[in-house]
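The primary structure of each chain is shown beneath.
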Amino acid sequence: MNQHSPEQPADTVARLRATFRSGRTQPVAWRTGQLGRLRELLTDHGTDLADALHADLGKSSAESFRTEIDFTVREIDHTLEHLDGWLRPESAPVPAHLGPDATAWTQYDPLGVVLVIAPWNYPAQLLLTPLVGALAAGNAVVVKPSEMAPATSAVLARLLPRYLDTDAIAVVEGGIPETTALLAERFDHIFYTGNGAVGRIVMRAAAEHLTPVTLELGGKSPVFVDRDTDLAVVADRLVRGKFLNAGQTCVAPDYVLTDPETARALEPALSSAVEALFGTEPQTSEAYGRIVNERHFDRLAGLLGSGRTVTGGGTERATKYIAPTVLADVDPDSPVMQEEIFGPILPVVTVPGLDAAIDFINDRDKPLALYAFTESDTTRERLAAETSSGGLGFGLPLAHLTVSDLPFGGVGESGMGNYHGRYSIETFSHRKAVLAKPLD
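Residues numbered from 1 in each chain as written. Predicted model: local features only at pLDDT ≥ 70, side-chain atom pairs only at ≥ 80, totals over all residues. Heavy atoms only, no water.

This next bit is on the layout of surface pockets. In this structure, the largest pocket occupies an estimated 1400 Å³ of space. Broken down by secondary-structure element, the contributors of at least two residues to the lining of the largest pocket are helix 7 (176-183), strand 6 (189-193), helix 8 (196-207) and helix 11 (294-301). By residue number, the principal contributor to the lining of the largest pocket is helix 8, which donates 5 residues. Split into classes, the residues belonging to the lining of the largest pocket amount to 23 nonpolar, 14 polar and 13 charged. Within this model, the second largest pocket holds a volume of roughly 620 Å³. Lining the second largest pocket are 30 residues, with R66, T67, R240, L244 and L398 positioned closest to its centre. Sorting the residues of the lining of the second largest pocket by element identifies helix 4 (61-87), helix 5 (125-136), helix 9 (231-242) and helix 10 (260-278) as the ones contributing at least two each. A per-element tally of the lining of the second largest pocket places helix 4 first, with 5 residues. Grouping the constituent residues of the lining of the second largest pocket by class yields 17 nonpolar, 7 polar and 6 charged. (1 Å grid on protein atoms, 1.4 Å probe; cavity = no way out; pocket = protein on both sides within 12 Å on 5 of 7 lines; lining within 4 Å. Points joined across faces, edges and corners; volume = space filled by probe spheres on them. Helix = DSSP H or I, 4+ residues; strand = E, 2+ residues; numbered from the N terminus. Nonpolar A, V, L, I, M, F, W, Y, C, P; charged D, E, K, R; others polar.)

Turning next to the packing of helix 9 against helix 10. Interhelical geometry of helix 9 versus helix 10 gives an angle of 55° and a closest axis separation of 8 Å. If you check the angle between helix 9 and helix 10, you find them oblique. Crossing angle aside, the handedness with which helix 9 passes helix 10 is right-handed. Contact residues: helix 9 offers L231, V234, A235, D236, L238, V239 and R240, while helix 10 offers T262, A265, L266, A269, L270, A273, V274, L277 and F278. Residues of the contact of helix 9 with helix 10, tallied by class, amount to 13 nonpolar, 1 polar and 2 charged. (Axes fitted to C-alpha atoms, helices over the stretch in contact; angles between N-to-C directions. Parallel < 35°, antiparallel > 145°, perpendicular 65-115°, else oblique. Left-handed = near helix turned anticlockwise from the far one by under 90°. Contact = heavy atoms within 4.5 Å.)

Pairing between side chains becomes possible if they bear opposite charge and their charged atoms approach one another. Under the defined criterion, the tally for this structure stands at 24 salt bridges. The closest approach of N and O atoms between D165 and R24, which form a salt bridge, is 2.8 Å. You can see D165 sitting in the loop between helix 6 (150-163) and strand 5 (169-171) and its partner R24 sitting in the loop between helix 1 (9-21) and helix 2 (28-44), a full 141 residues away along the chain. Residue class for D165 comes out buried when judged on its relative accessible area of 3%. R37 serves as the salt-bridge partner of E40, at 3.0 Å between the closest nitrogen and oxygen. With a gap of 3 residues between them, E40 and R37 both fall in helix 2, about one helical turn apart. Note on R37: relative accessible area 26%, which makes it partly exposed. Overlapping salt bridges, with partners in common, bring together R17, R186 and D188 in one network. (Salt bridge = Lys/Arg side-chain N within 4 Å of Asp/Glu carboxyl O. Buried < 20%, exposed > 50% of the residue type's maximum accessible area, 1.4 Å probe, protein only.)

Let us look at empty space enclosed by the protein. One pass over the structure, following the stated rule, counts 2 cavities of 30 Å³ or more. Put simply, the largest cavity is a space of about 40 Å³. If you go around the largest cavity, the residues you meet are G219, K242, G247, T249, C250, A252, P253, D254, E340, F342 and G343. Residue composition of the lining of the largest cavity, grouped by class: 4 nonpolar, 4 polar and 3 charged. Taken as a whole, the second largest cavity encloses approximately 30 Å³ of empty space. Lining the second largest cavity, in full, are F224, V225, D226, R227, T258, D259, G353 and L354. Considered class by class, the residues forming the lining of the second largest cavity number 3 nonpolar, 2 polar and 3 charged.

Two pairing modes exist for strands in a sheet, parallel and antiparallel, and in both the strands are linked by backbone hydrogen bonds. Taken in spatial order, the 7 strands make up an open sheet running 10-13-14-9-8-15-16, and their pairing is mixed. Lying at the two open borders of the sheet, with one neighbouring strand each, are strand 10 (308-311) and strand 16 (391-394). For this sheet the average axis-to-axis angle between neighbouring strands, irrespective of direction, equals 25°. As defined by bridge partners, strand 10 adjoins strand 13 (residues 325-328) across 3 bridges and the pair is classed as antiparallel. Bridge pairing links T311 to V326 in strand 13. Against the sheet, helix 13 (residues 377-386) contacts strand 8 (222-225), strand 15 (369-373) and strand 16, and its axis sits at roughly 170° relative to strand 16. (Pairing = 2+ DSSP bridges.)

Okay, here's the thing in structure tokens:
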């Protein structure tokens, strides 16, 4: 692969656009070759990435492989297995007035040069999984790792040019100035994962060139816990979903909605589940991560007084540690309920029942995910029909995003567009309509 010296964003985009216009990225063989090389990178250097993720976020090696490295490998394998079928033109019926000899079909065309901007919380997975889709669709790609995960950014910037076609894939490191400079360029698609404030900046910049965008944002993802559920199972699954990556997950359960009696019974179950997963001293657990930086630590520490502490509450700023914490008696107007928590704090809010829970959810921004623990088919049907969210999970938080044949994305304030599997092909392609009629 050719190596290129550092260059200005305009030169990077121009170089990649020249490669795209040459047709180099169009053949399926090039696409699958790049995906295969990316897979080799992950299998050859998984430990390097895991070490970087530990340096940035305190993630254990097991968590890094499960949620970032192996996750991306599975996405690559799924894409390689199905790509030919996804790209196959799809015929369309032709109306009678065009005659029996006309044919029509749709085909996927790559968009051109796309920009992928990744966040810091899953800095490998959320950079590389969109890259998988962009390459599979036949695009040239600029990837921008998060400067807030500097160790992971450095590893990716070192390894990606060693494995991938540097005439078609470029890595741009840096912070706000570098991202701003990139956004001033004309791309054919921008894929951004992060918060809504920056999402608005991305959209404003994209509007200058009428560039389509995918925004993978977040929000306060609620959990409804119904009466008469197995609270030990509920607590175990809630704790595993909420405190993964120290709560710094866009689809993590943000708060619990349940009736007062169930809330009281759930409290000891959650305490027991935390101890079962992380021990009596989570600070010493290898399975428990850290907050990304002091600014986020201070923000989260300021939310701990929003309710009665059921378990946790401990902090250590020097190591950016916040204990897995459950808060009860939380007022809906308290600080912890005003913004996405994005950390290891789980508030429990009481409501009279399902009707009130649905109203509570619908009175707020549409979340990235909604979860429910219930054995009632009627309750499931009502939640599916009467609420709006990016995804809906019954009985198990987070799991829907691991299904490659499901689209992953938000709605409203939680984002626009989706990806994973064939939906990544749709995101990074133009579905072109074609009609042909013989001249004779």
